[in-house]
Amino acid sequence: MLSFWEKDVFLKKYDVVIVGAGFSGLWLAYFLKKYSPNTEIAILDSGVLPTGASTKNAGFACFGSPTELLENITVMGHDQALFWAEQRYSGIKMIAQHFESEIDYEKCGGTELFEDKNIFLETKEQLLSINNSLKKIVGADQHFVVDEKIISRAGFSGFQYAISNVVEGSIHSGKLVNSLIERLHALKVKIFFGVEVERFEENSQNVEIFTKNQMVFNAKHLSITTNAFTKVLLPDIDLYPGRGQVIITEPIEGLNWKGTFHFDQGFYYFRNYKNRVLFGGGRNLDFQTENTDKFDLTEKIQNRLEQLLYNNILPKLRDIKIEHRWSGIMAFDNTKLPFSKCLSESVSVSARMNGMGVALAPTLSEKLAKEIIGQQIF
């Protein structure tokens, strides 16, 4: 039972209620306040901490590896693939612009590693064309370059070839979420954790948002930014969840490489975080099991991550211990296209980041904020 005081302060009618306190929801609130400072906003999240992928990812600000970009061109076409590459590039720059000093941001570059000679040669043959297409986005003649030194310099094993770029970055995901929350608190955005939304109802005046603990929020506009969990409120949206399992080692004295790395067409990824190896991926070993919204670890993928860690990434340091393990839930579809737009004057959605949410959330959220404000409902 709520008091009059609680209802008057916390359950007043908001201009916008955002469901989901991950990157998409937090960036959306940030840009709504930037372009419409008097907008009254509340953010609701079901977890005690933001759940999903935002604080459970590997901290990559991904532009995209060459094989990923080539796959995107195959799936969505050349122009669409370049458009979304530009969106990711803009997102990476926005993160650095707003929070670089607060989130352990490093413009460390990225490298794709290859075991298969044929895949490498097929990719290499297309680098000139890719680089020409990307020049107008990144401003460099050679965005992707064959790197003949990184494998031997880092002491990796099993990889034969490498292609690097200087655009990709890395962050501390928890610090970015925390910095966004602190900015939003300063802007008088109310954030409620532990509030699970079960359903909503639109009417001519507002949207009623019903929660599992029997509170009812009212807003002129509802934005759903729950990514992999969006089907709870929008069951017809086309997406499926995908779990990413991650491990991180204890600190390693003298770890002699920096940067972010991908291999097996982006299904595996690792980086140096303060002289620890952070390593994740392996969904492609068992798509049927990993297309889930359950935050679990599986023996099959954990064993494979350990095998690759000790055989390929740290072949001379097999006594290094794994300090922590976790998983996060992403959202995918077969088009590889995000879904971010107003569904009506009173409801919008931003979801289905296809594993690129860190870089895409700022740009998509800014666009959606302008679209919501443009409806002039406040």
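Reading the values: the criteria
Throughout this description, residue numbers start from 1 for each chain and increase along the sequence as written. In keeping with the predicted nature of the model, local features appear solely for residues at pLDDT of at least 70, side-chain atom pairs appear and are counted solely at 80 or more, and the whole-chain, interface and lining totals rest on all residues. As a rule here, side-chain values come from all non-hydrogen atoms in the structure, and water together with hydrogens is ignored. Here the axes come from fitting lines to C-alpha atoms, over the contacting stretch only for helices, and the angles between their N-to-C directions go from 0 to 180 degrees. Only runs of H or I of at least four residues qualify as helices and only runs of E of at least two qualify as strands under DSSP, and these elements are numbered from the N terminus. For a crossing to be left-handed, the near helix must be turned anticlockwise from the far one by less than a right angle; the clockwise case is right-handed. In this analysis, two residues are considered to be in contact whenever any of their non-hydrogen atoms come within 4.5 Å of each other. Salt bridges are counted wherever a side-chain nitrogen of Lys or Arg sits within 4 Å of a carboxyl oxygen of Asp or Glu. For the exposure calls, accessible area comes from a 1.4 Å probe over protein chains only, and a residue counts as buried if that area is under 20% of its type's maximum, exposed if over 50%, partly exposed in between. Within this analysis, patches are made of residues with over 30% relative accessible area and no salt bridge. Like charges are joined at 9 Å or less; nonpolar side chains (Val, Leu, Ile, Met, Phe, Trp, Tyr) at 5 Å or less. Every accessible area reported is derived by Shrake-Rupley at a probe size of 1.4 Å, with residue values counting cover from the shown protein chains alone. This count recognises Lys and Arg as positive and Asp and Glu as negative, with His and chain-terminal groups excluded. One atom stands in for each charge, and that atom is NZ of Lys, CZ of Arg, CG of Asp or CD of Glu. Take the buried Ala, Val, Leu, Ile, Met, Phe, Trp, Tyr and Cys residues and link them wherever side-chain atoms come within 4.5 Å; each set so joined is a nonpolar core. The term disulfide is used for any two cysteine sulfur atoms that are within 2.5 Å. Contacts described as polar in this section are N or O atom pairs within 3.5 Å, which, within protein, must combine one atom able to donate a hydrogen with one able to accept it, while residues neighboring in sequence count only if both atoms come from side chains.

Trainee: Is there a simple way to explain the packing of helix H4 (residues 78–99) against helix H6 (residues 127–138) in this structure?
Mentor: A pair of packed helices is characterised by two quantities: the angle between their axes and the separation of those axes. Between H4 and H6, the shortest axis-to-axis distance is 10 Å and the interhelical angle comes to 35°. Between H4 and H6 lies a crossing of right-handed hand. Judged by residue contacts, His 78, Leu 82, Ala 85, Glu 86 and Tyr 89 of H4 engage Ser 133, Leu 134, Ile 137 and Val 138 from H6.

Trainee: Would you take a moment to explain the pattern of salt bridges for this structure?
Mentor: Side chains bearing opposite charge may pair, as long as their charged atoms lie close to each other. For the structure shown, the criterion picks out 12 salt bridges. With its nearest N and O atoms 2.8 Å apart, the salt bridge here joins Lys 135 to Asp 141. In this structure, the salt-bridge partner of Glu 201 is Arg 199, at a minimum N-O distance of 2.6 Å. Of the residues examined, Glu 201 reaches a relative accessible area of 37% and is grouped as partly exposed. Here the salt bridges share partners, and the residues they tie into one network are Asp 104, Lys 175 and Lys 274.

Trainee: What am I meant to see in the environment of Val 207 here?
Mentor: The residue Val 207 is located in strand S10 (residues 207–211) in this model. Judged by its relative accessible area of 0%, Val 207 is buried. In the structure, Val 207 is positioned 101 residues away from Glu 106 in sequence and 41 Å away in space, judged by C-alpha atoms.

Trainee: Just checking my understanding: could you explain a negative patch on the surface for this structure?
Mentor: Judged by side-chain charge, Glu 115, Asp 116, Glu 122, Glu 125 and Asp 264 come together as a negatively charged surface patch. Along the chain, the position of Asp 116 falls in the loop between strand S4 (110–114) and helix H5 (117–125). Accessibility expressed as a relative area gives 36% for Asp 116, which makes it partly exposed.

Trainee: Before we go on, may I ask you to explain the nonpolar core in this structure?
Mentor: Where a protein is soluble and globular, its nonpolar side chains tend to be buried together. Ranked by internal contacts, the top residues of the largest apolar core, which has 52 residues, are Phe 23, Leu 26, Trp 27, Ile 43, Phe 63 and Leu 134. For this core, the elements supplying multiple residues, two or more each, are strand S1 (14–19), helix H2 (23–35), strand S2 (41–45), helix H3 (66–76), H4, H6, helix H8 (173–186) and helix H11 (357–374). Not counting the four nearest positions on each side in its chain, Trp 27 is found in contact with Met 94, Ile 95, His 98, Phe 99, Leu 180, Ala 361, Pro 362 and Ser 365. If you look at the next biggest cluster of nonpolar residues, it comprises 27 residues, including Ala 42, Leu 233, Ile 237 and Ile 329.

Trainee: How do you make sense of unusual backbone geometry when you look at a structure like this?
Mentor: Backbone phi values are negative for most residues with the exception of glycine, while trans is the configuration of most peptide bonds. For Gln 265, which is not glycine, the phi dihedral falls at a positive 55°. Position of Gln 265 relative to the elements: it lies in the loop between strand S13 (260–263) and strand S14 (268–273). Positive phi, close to 65°, is recorded for Lys 336, a residue that is not glycine.

Trainee: Before we go on, may I ask you to explain the state of the cysteines in this structure?
Mentor: A covalent bond bridging the sulfur atoms of two cysteines is what the word disulfide describes. Under the criterion given, the structure shown has zero disulfides. Note on Cys 108: no disulfide assigned, nearest cysteine sulfur contributed by Cys 62 at a separation of 10 Å. For Cys 108, a relative accessible area of 25% translates into the label partly exposed.

Trainee: I would appreciate a short explanation of the side chain of Asn 272 in the present structure.
Mentor: The topology assignment puts Asn 272 in strand S14. A polar side-chain atom of Asn 272 sits 2.8 Å from the main-chain amide nitrogen of Asn 275. Among residues more than four places away in sequence, those in contact with Asn 272 are Leu 255, Trp 257, Lys 258 and Gly 259.

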